[in-house]
Amino acid sequence: MSAPLYQSPKGVHDVLPDDHLYFSFIKKVVRHHCRRAGYRRISTPIFEDIEVFTRSIGGTSDIVEKEMFTLESKSGKKYALKPEGTAGVVRAYLEHGMQQMPKPVELYYIEPHFRYNRPQKGRYRQFHQFGCEVIGESDPAVDAQVIYLAYRINQDLGIADRLSLQLNTIGSMEDRVKFKEDLINFYTGKERSLCEDCKRRMLENPLRLLDCKEEDCQILASMAPKFENVICNESKEHFEILKEYLEELNVPYELNPLLVRGLDYYTHTVFEFWSKKEGSQNATGGGGRYDGLIEIMGGQPTPAVGFAAGIERTIEYMKEAGIRPPNKDAVAIFVAQLGLVAKKKSLTLINKLRDQGLNVVGAVGKDSMKSQMGLADRLGAQYSLILGQIEVQEGTIILRDMKKGSQETVSYEGIVDKMVELLGKNPLANKKLWEE
Ligand code: HAM
């Protein structure tokens, strides 16, 4: 086969029908759990005024420094494709006066995002996230509920056991200022042992020195001053209560004092879901509290907490776990026909069967019966209905069970009811979700 004339741009991909099974299933699970917990769905635009991101995510974060896709309007106004969901949700919250809504305001989203990073396994330039934001409540019970929601979704997707919840607190904004000074004092004189990125981070964002993946940087990070030395009592207490709530909810976690997250807006609680598989570096999701962000974006001081997970990475973990979502696209019935009269009659029959909620494909064209049956096989149809001239004359139809390879001639009149009886109105409606 010769190379196609066009290919998708580097780092972006098509979602082909097989992967859409996973996408649809994940969306269904997310919607189910979010609705049940009182969240309402929000969609923000694909692109925003660039400042929405630079102000919120932080000018020295990797995302803002290196990973934004920027656009310029004809009048010279700068925009960026959204690299994450929280900034846009906060902008919308303020723009639409959601402060007036009963608190906390609970929102969720399932959206595409864009980051201009080096494409590799699990890291794309266009990817999808599902996420949630709870705005207007500072109680650690909300942090616990947000983490529980993420954990519960992972459970229903069949991947919770493969992930470990990494948990940390990064204190208040003031704690962080103090801690940054401690880190700079510690790293001064040790610059030569740091990777190029960390040399830059030391000046711009020393907290990120702690979660660098380079071996030498990790050794230094393990000896660096600990956050717990500077953390204020309020933040300590928040974290202690959160841990108690998570224990009460039976959500297993691992304390990770080096977890800082790559976005600047976090305060107090931060968390990520990591693969338990050795050597795997990609988190499926993460989040935390961002009590200062709404004020930074021009609102009144308002506490908030949220998380987001990557859908592509979640699919990867589901595939590794051998989880196959139910195939709602599967063909239940293939209708084959021979001759013009039979073809006409089959058109009505196909639609009557579809109206009963059955997935039905009909042969079109003038193929021989042998090739029509071959197609039914390739489509994986459970049953075939075969209508020829004789059957039309006799008021019958042939019902073939494709798995058993057996067939019988039955009355045409009662065929719709018979198929509903055999398959159920929606044969693939499936309460056990991924187990089927
Ligand atoms: P984040 O950790 O930057 O957090 O992204 C969340 C998840 O999105 C990651 O764990 C990962 O699964 C997925 N993801 C990120 N970048 C890529 C990529 N290039 N390719 C594939 N997947 C990716 C946030 O975005 C925060 N807004 C989460 C949050 C919500 N915090 C509070 N509320």
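Above this text is the structure in question.
Residues numbered from 1 in each chain as written. Predicted model: local features only at pLDDT ≥ 70, side-chain atom pairs only at ≥ 80, totals over all residues. Heavy atoms only, no water.

### With respect to the packing of helix H5 (residues 140-156) against helix H9 (residues 233-248)
(1) Moving on: Running from amino to carboxyl end, H5 crosses H9 at an angle of 45°, the nearest separation of the two axes being 9 Å. Regarding the angle of H5 to H9, the classification is oblique. Judged by the sense of rotation from one axis to the other, the crossing of H5 with H9 is right-handed. Residue-level inspection shows Pro140, Ala141, Asp143, Ala144 and Ile147 of H5 in contact with H9, the latter providing His238, Ile241, Leu242, Tyr245 and Leu246.
(2) Moving on: Of the residues belonging to the contact of H5 with H9, the class tally is eight nonpolar, one polar and one charged. (Axes fitted to C-alpha atoms, helices over the stretch in contact; angles between N-to-C directions. Helix = DSSP H or I, 4+ residues; strand = E, 2+ residues; numbered from the N terminus. Parallel < 35°, antiparallel > 145°, perpendicular 65-115°, else oblique. Left-handed = near helix turned anticlockwise from the far one by under 90°. Contact = heavy atoms within 4.5 Å. Nonpolar A, V, L, I, M, F, W, Y, C, P; charged D, E, K, R; others polar.)

### Looking at the sheet that holds strand E1 (residues 40-41)
(1) Moving on: If you walk across this open sheet you meet the eight strands as E1-E5-E6-E11-E10-E9-E7-E8, and the pairing is mixed. In this open sheet, the two strands that pair with only one neighbour each are E1 and strand E8 (254-255).
(2) Moving on: Sheet analysis places strand E6 (residues 126-135) next to strand E11 (residues 304-310), joined by seven bridges and oriented antiparallel. Within E11, the residue paired with Val134 across the bridge is Val305.
(3) Moving on: The strands touched by helix H11 (residues 311-320) within the sheet are strand E5 (105-114), E6, strand E9 (267-275) and E11, with E6 carrying the most contacts at an inclination of about 105°. (Pairing = 2+ DSSP bridges.)

### Section: the site of the ligand
(1) Moving on: If you check the shell around the ligand, you find 26 residues, and the closest are Glu84, Glu133, Arg261, Tyr266 and Thr284.
(2) Moving on: In the environment of the ligand, an oxygen atom lies 2.9 Å from a nitrogen or oxygen atom belonging to the side chain of Arg115.
(3) Moving on: Thr284 places a main-chain nitrogen or oxygen 2.8 Å from an oxygen atom of the ligand.
(4) Moving on: Burial of the ligand by the surrounding chains reaches 96%, relative to a free accessible area of 660 Å².
(5) Moving on: Among the elements that make up the shell around the ligand, the one with the highest residue count is E11 (four residues). (Near = heavy atom within 4 Å. Polar contact = N/O pair within 3.5 Å; in protein donor to acceptor, adjacent residues only side chain to side chain. Areas by Shrake-Rupley, 256 points an atom, 1.4 Å probe, with all protein chains shown as cover.)

### What to know about the packing of helix H1 (residues 17-36) against H5
(1) Moving on: Packing of H1 against H5 leaves a shortest axis separation of 10 Å and a crossing angle of 140°. In terms of axis orientation, H1 runs oblique to H5. The crossing of H1 and H5 is right-handed. Taken together, the residues of H5 that come into contact with H1 (itself represented by Phe25, Val29, Val30, His33 and Cys34) are Leu149, Arg152, Ile153 and Asp156.
(2) Moving on: Residues belonging to the contact of H1 with H5 are distributed by class as follows: six nonpolar, one polar and two charged.

### Some remarks on the nonpolar core
(1) Moving on: Of all hydrophobic cores here, the largest spans 52 residues; its most connected members are Tyr187, Leu194 and Leu210.
(2) Moving on: Counting residues per element, this core draws most heavily on helix H4 (residues 86-95), which supplies six residues.
(3) Moving on: Contact partners of Leu194, with chain neighbours within four places excluded, come to Tyr187, Lys199, Met202, Leu209, Cys217 and Leu220.
(4) Moving on: With 41 residues, the next largest nonpolar core counts Cys34, Ala150, Ile153 and Ile311 among its residues. (Core = buried A, V, L, I, M, F, W, Y, C linked by side-chain atoms within 4.5 Å. Buried < 20%, exposed > 50% of the residue type's maximum accessible area, 1.4 Å probe, protein only.)

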